[in-house]
Amino acid sequence: MKFKKAFAAVAMSAFIALSLCGLVGCADNSKQVITDSLTEEIESLKNPDAAMIAEMSSEVPASTFEQLGLNSDDVVRALFEGFDGTVDNVEVNGKNAEAIVTLSSKDFSQIEDVMTEVTDELTDNVEQFSGMSQSEIMTWVGQQLMEKINAMPVITHDPITIEYVLNGNTWEPTEDAETAVFNALF
């Protein structure tokens, strides 16, 4: 379903931003620079401003949500409701660093079940929808999805390790950082 791909694109755009930021700092304050930067990224996702919401919304063609009668900005806000995180620890060892981060978010593992519930309700109650136009049915599907997304519980995920390497005077996350964040959330 297009919505599942759209959902993944929106969610990933935010979490990639969280894990892939480059951090400038000298050796004496590297631990604090990494901690402060990750904390700032987490805070920006907890309380996304209009520009961030628009950026995440742009990851998905507007028509994907519009056909369900949804506004992509509203979907993004719903997906990130309850998001939080903490930087539990940062260890610096020469030109390598590891940040242990714990994230809380909607239980994204439920999104497929949510879509199945809506589809089942649609197919199990054909008579309810027999007098509706295709557009009305799609709007109903969108309303149901938003209700279920809004009702999804917020869970705390297992801590993840985001590894960094020092490149000149910039701490850069390794290629595994994106995978670590994605695996923790999905």
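Residues numbered from 1 in each chain as written. Predicted model: local features only at pLDDT ≥ 70, side-chain atom pairs only at ≥ 80, totals over all residues. Heavy atoms only, no water.

What to know about helix H5 (residues 72–80)
For step 1, the next point in the chain: For H5, the set of buried residues is Ser-72, Val-75, Val-76, Ala-78, Leu-79 and Phe-80.
For step 2, the next point in the chain: Where H5 begins, one side-chain oxygen reaches toward the backbone nitrogen of Asp-73, 2.7 Å away; that side chain belongs to Asn-71.
For step 3, the next point in the chain: Downstream of H5 by one or two residues, Gly-82 has phi in the positive range, about 90°. (Buried < 20%, exposed > 50% of the residue type's maximum accessible area, 1.4 Å probe, protein only. Helix = DSSP H or I, 4+ residues; strand = E, 2+ residues; numbered from the N terminus. Polar contact = N/O pair within 3.5 Å; in protein donor to acceptor, adjacent residues only side chain to side chain.)

A short note on the packing of aromatic side chains
To describe a pair of aromatic rings, you give the distance between the ring centres and the angle between the ring planes.
For step 1, the next point in the chain: Applying the stated criterion across every chain yields a total of two aromatic pairs.
For step 2, the next point in the chain: Here Phe-80 and Phe-83 contribute two aromatic rings whose centre-to-centre distance is 6.3 Å and whose plane-to-plane angle is 65°, an arrangement assigned as edge-to-face. Each member of the pair Phe-80 and Phe-83 is classed as buried. (Phe/Tyr/Trp six-rings, centres within 6.5 Å; stacked < 30°, edge-to-face > 60°.)

Regarding the nonpolar core
Across soluble globular proteins, nonpolar side chains show a tendency to be buried alongside one another.
For step 1, the next point in the chain: If you look at the biggest cluster of nonpolar residues, it comprises 44 residues, and the most contacted ones within it are Ile-34, Leu-38, Val-101, Ile-162 and Tyr-164.
For step 2, the next point in the chain: Considering each element in turn, this core owes the most residues, six residues, to helix H8 (residues 134–151). (Core = buried A, V, L, I, M, F, W, Y, C linked by side-chain atoms within 4.5 Å.)

Focus: the pattern of salt bridges
For step 1, the next point in the chain: A full pass over the atoms with the stated rule returns four salt bridges.
For step 2, the next point in the chain: A salt bridge links Glu-43 to Lys-46, with the nearest nitrogen and oxygen atoms 3.3 Å apart. Placement of the pair is Glu-43 and Lys-46 together in helix H2 (residues 30–46), with a separation of three residues, close to one helical turn.
For step 3, the next point in the chain: On the accessibility criterion, Lys-46 (28% relative accessible area) is partly exposed.
For step 4, the next point in the chain: Note that Lys-46 and Asp-84 form a salt bridge whose closest N and O atoms lie 3.3 Å from each other. Residue Lys-46 is located in helix H2, and its partner Asp-84 is located in strand E2 (residues 84–93); the two are separated by 38 residues in the primary sequence.
For step 5, the next point in the chain: You can call Asp-84 partly exposed: its relative accessible area is 29%. (Salt bridge = Lys/Arg side-chain N within 4 Å of Asp/Glu carboxyl O.)

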